Amino acid sequence: QKEVEQDPGPLSVPEGAIVSLNCTYSNSAFQYFMWYRQYSRKGPELLMYTYSSGNKEDGRFTAQVDKSSKYISLFIRDSQPSDSATYLCATRGGATNKLIFGTGTLLAVQP
Amino acid sequence: ETGVTQSPTHLIKTRGQQVTLRCSSQSGHNTVSWYQQALGQGPQFIFQYYREEENGRGNFPPRFSGLQFPNYSSELNVNALELDDSALYLCASSSGSGGATDTQYFGPGTRLTVL
């Protein structure tokens with residue numbers, strides 16, 4: 001079983017739609033959760049960072065962590081074509097607090 | 001822009017050869033991590049260096065090695081290249097010592113193709 005599971009998509013939505021991206025994780029000891037956005041031919045950039053359970057909002061983006069079900073989500077409101085990218089969920093784990101990534105979900109927002 | 005640069009952008013090698021990839025971290029960032037991202041996959045942790053010492057390693061064989069220099073630059077060396085080594089190689093730097101709250105800033109990556 002992978003430590004972080006993510007549906008690879010692709011996911012295609014019309015402009016203005018609400019997007020829901022989800023991941024599950026296996027280790028209940030994980031406490032830090034991140035969402036990265038990766039445009040084509042670029043490195044990942046940190047989008048959202050949450051600790052433990054709860055919600056965190058930043059503009060059109062909301063990150064949600066449910067530790068009881070080991071489920072993390074990213075919601076994008078009023079999606080724009082510029083949001084088209086691969087979204088990677090991640091957590092920190094192991095003795096080195098290494099980043100552990102999901103496979104990424106490819107999102108396309110159609111104008 | 002994160003301030004992390006990598007060179008070269010693309011590289012083509014043949015099986016059995018050796019390759020060196022380079023990364024320049026942001027000034028003041030003492031920790032650098034390297035990741036391998038195969039096509040359609042998330043990045044996989046290779047190793048991490050803090051102040052020129054390796055302080056963590058993922059599930060990669062010894063033919064993957066690295067160096068970190070005092071001028072915030074680092075290298076990833078891969079010996080005896082295999083076809084499966086074809087991937088995007090990312091370096092990420094951070095200002096802390098690699099702790100759980102240490103934000104990592106990624107470079108654009110080097111695309112390695114092994115024929």
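Presented here is a report on the structure given in the accompanying data block. Since the model is a prediction, treat every value here as computed from it, not as a measurement.

Topic: the state of the cysteines
Residues and elements named next belong to chain B. For the coordinates displayed, the defined rule picks out 2 disulfides over all chains. Each disulfide pairs two cysteine sulfurs, and for C23 the partner residue is C91, the sulfurs being separated by 1.9 Å. Residues C23 and C91 share a disulfide whose torsion about the S-S bond is about 65°; that sign makes it right-handed. Here the residue C23 occupies a position in strand 3 (residues 19–24), and C91 occupies one in strand 9 (residues 87–94), the gap between them amounting to 68 residues.

Quick look at the pairing of strand 7 (residues 64–68) of chain B
Residues and elements named next belong to chain B. Side chains F64, G66 and Q68 project from strand 7 onto a buried face, and the interleaved S65 and L67 project onto a face without burial. Strand direction decides the pairing type here: strand 7 and strand 8 (residues 73–78), joined by 5 bridges, are antiparallel. Its bridge partner being in strand 8, F64 is matched across the sheet by V78. Two successive antiparallel strands, strand 7 and strand 8, enclose a turn made up of 4 residues, where Y72 displays a positive phi of approximately 70°.

Considerations on the packing of aromatic side chains
Residue and element names in this part refer to chain A. If you walk through the whole model with that rule in mind, you get 12 aromatic pairs over all chains. The interplanar angle of 45° and the centroid separation of 4.9 Å between the aromatic rings of Y32 and Y51 together place this pair among those described as tilted. Here Y51 lies in strand 5 (residues 45–51) and Y32 lies in strand 4 (residues 32–38), a separation of 19 residues in the sequence.

Considering the sheet that holds strand 7 of chain B
All names here are of chain B. One open sheet holds the 4 strands; their spatial order is 1-3-8-7, and the pairing between them is antiparallel. Strand pairing shows two members of the sheet lacking a second neighbour, strand 1 (5–7) and strand 7, which therefore form its edges. Adjacent strand axes in the sheet meet at a mean angle of 20°, parallel and antiparallel pairs treated alike.

Considering the nonpolar core
Among the nonpolar cores identified, the biggest contains 24 residues, and W35, I72, L74, I76 and Y87 of chain A are the most heavily contacted of them. Breaking this core down by element, the ones donating at least two residues are strand 3 (19–25), strand 4, strand 5, strand 7 (61–66), strand 8 (71–76), strand 9 (85–93) and strand 11 (105–110) of chain A. Considering each element in turn, this core owes the most residues, 4 residues, to strand 3 of chain A. Formed by 20 residues, the second largest nonpolar core is a distinct cluster that contains V4, L11, L21 and V32 of chain B.

Quick notes on the pattern of salt bridges
Scanning all chains against the criterion turns up 7 salt bridges over all chains. The salt bridge involving E45 of chain A is made with R37 of chain A; its shortest N-O contact spans 3.2 Å. A residue is classified by how much of its surface remains accessible, and E45 of chain A, at 29% relative accessible area, is partly exposed. Taking relative accessible area as the criterion, R37 of chain A reaches 14% and is therefore assigned buried. Across the salt bridge formed by R63 of chain B and D85 of chain B, the nearest N and O atoms sit 2.8 Å from each other. In this pair, R63 of chain B sits in the loop between strand 6 (53–57) and strand 7 while D85 of chain B sits in the loop between strand 8 and strand 9, placing the two residues 22 residues apart along the sequence. Neither residue differs from the other here; R63 of chain B and D85 of chain B are each classed as buried. One continuous salt-bridge network, built from bridges that share partners, spans R63, E82 and D85 of chain B.

Remarks on the pairing of strand 11 (residues 110–114) of chain B
All names here are of chain B. Residues T110, L112 and V114 line the buried face of strand 11, whereas the alternating positions R111 and T113 sit on a face that is not buried. Bridge count for strand 2 (residues 10–13) against strand 11 is 4 bridges, and the pairing is parallel. Along strand 11, the bridge assignment pairs H10 with R111. Sheet topology places strand 9 next to strand 11; 3 bridges connect them, and they run antiparallel. Paired with L88 across the two strands is R111, which belongs to strand 11.

Basis of the calculations
- Residues numbered from 1 in each chain as written.
- Chains lettered and ligands numbered in written order.
- Predicted model: local features only at pLDDT ≥ 70, side-chain atom pairs only at ≥ 80, totals over all residues.
- Heavy atoms only, no water.
- Disulfide = S-S within 2.5 Å.
- Helix = DSSP H or I, 4+ residues; strand = E, 2+ residues; numbered from the N terminus.
- Buried < 20%, exposed > 50% of the residue type's maximum accessible area, 1.4 Å probe, protein only.
- Pairing = 2+ DSSP bridges.
- Phe/Tyr/Trp six-rings, centres within 6.5 Å; stacked < 30°, edge-to-face > 60°.
- Axes fitted to C-alpha atoms, helices over the stretch in contact; angles between N-to-C directions.
- Core = buried A, V, L, I, M, F, W, Y, C linked by side-chain atoms within 4.5 Å.
- Salt bridge = Lys/Arg side-chain N within 4 Å of Asp/Glu carboxyl O.

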